[in-house]
Amino acid sequence: MTKKDKFDQLERFILENQQAHYRLAFSYVKNKENALDIIQEAIVKALKSIDRLEEVTYMKTWFYRILVNTAIDFIRKHQRVSIMSDEILDLHLPSSENTVHDFDLQNAVDNLSPTYKTIIFLRFFEDLKIEEIAEITGENVNTVKTRLYAAIRKLRVELGEE
């Protein structure tokens, strides 16, 4: 496959999944401008490293890995998370069945470390398989399972269900 074909497929993938990418970036920073900056930086990184994508069938996990790492790098660089009111959040997020209606759950997820938050978000909000999450995070499947169960346990404690 030529480099141009990869660029075309990446462009199509980004356009078709832009809402999911925005939700993922927004889940880290809770700010529209920062989320858009993260997405823009991730796209630039993806375009620059398109040669490293050997199999186009892995584009989703490849790009999500770039996006997650870019979001985590952004948080580390800025050492803060901006909180946005629910009214403003509702204006910017697309309405979908993935919207979290339980604000206690939303707050509990927001309080997780970036590692646990990534796994919870990818598993339950993006409906990815454990194997795909392992590929995105660069961890083995058993580590992802352990972290997923630990994150769920933390959420249950936070929500008073345990």
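What you are looking at is a predicted structure, and each value in this text was computed from that prediction instead of being measured.

On the secondary structure map, Ser27 appears in helix α2 (residues 18–29). Excluding residues within four positions of it along the chain, Ser27 makes contact with Asp110, Lys117 and Phe121.

Where α2 contacts helix α7 (residues 114–125), the axes come no closer than 11 Å and their chain directions differ by 150°. Relative to α7, α2 is oriented roughly antiparallel. Crossing angle aside, the handedness with which α2 passes α7 is right-handed. Contacts between α2 and α7 involve Arg23, Leu24, Ser27 and Tyr28 from the former and Pro114, Lys117, Thr118, Phe121 and Leu122 from the latter. In terms of residue class, the contact of α2 with α7 is built from five nonpolar, two polar and two charged.

Residues Trp62 and Phe63 are the most contacted members of the largest nonpolar core, which totals 48 residues. For this core, the secondary-structure elements that each account for two or more residues are α1 (3–16), α2, α3 (32–48), α4 (59–78), α6 (103–110), α7, α8 (130–137) and α9 (141–158).

Right, let's get into unusual backbone geometry. Phi at Lys30 takes a positive value of approximately 55°, unusual for a residue other than glycine. Following the sequence through the fold, Lys30 ends up in the loop between α2 and α3. Taking relative accessible area as the criterion, Lys30 reaches 11% and is therefore assigned buried. Within the chain, Asp127 stands out as a residue other than glycine whose phi angle is a positive 55°. Its place among the elements puts Asp127 in the loop between α7 and α8.

What counts and how
Residues numbered from 1 in each chain as written. Predicted model: local features only at pLDDT ≥ 70, side-chain atom pairs only at ≥ 80, totals over all residues. Heavy atoms only, no water. Helix = DSSP H or I, 4+ residues; strand = E, 2+ residues; numbered from the N terminus. Contact = heavy atoms within 4.5 Å. Axes fitted to C-alpha atoms, helices over the stretch in contact; angles between N-to-C directions. Parallel < 35°, antiparallel > 145°, perpendicular 65-115°, else oblique. Left-handed = near helix turned anticlockwise from the far one by under 90°. Nonpolar A, V, L, I, M, F, W, Y, C, P; charged D, E, K, R; others polar. Core = buried A, V, L, I, M, F, W, Y, C linked by side-chain atoms within 4.5 Å. Buried < 20%, exposed > 50% of the residue type's maximum accessible area, 1.4 Å probe, protein only.

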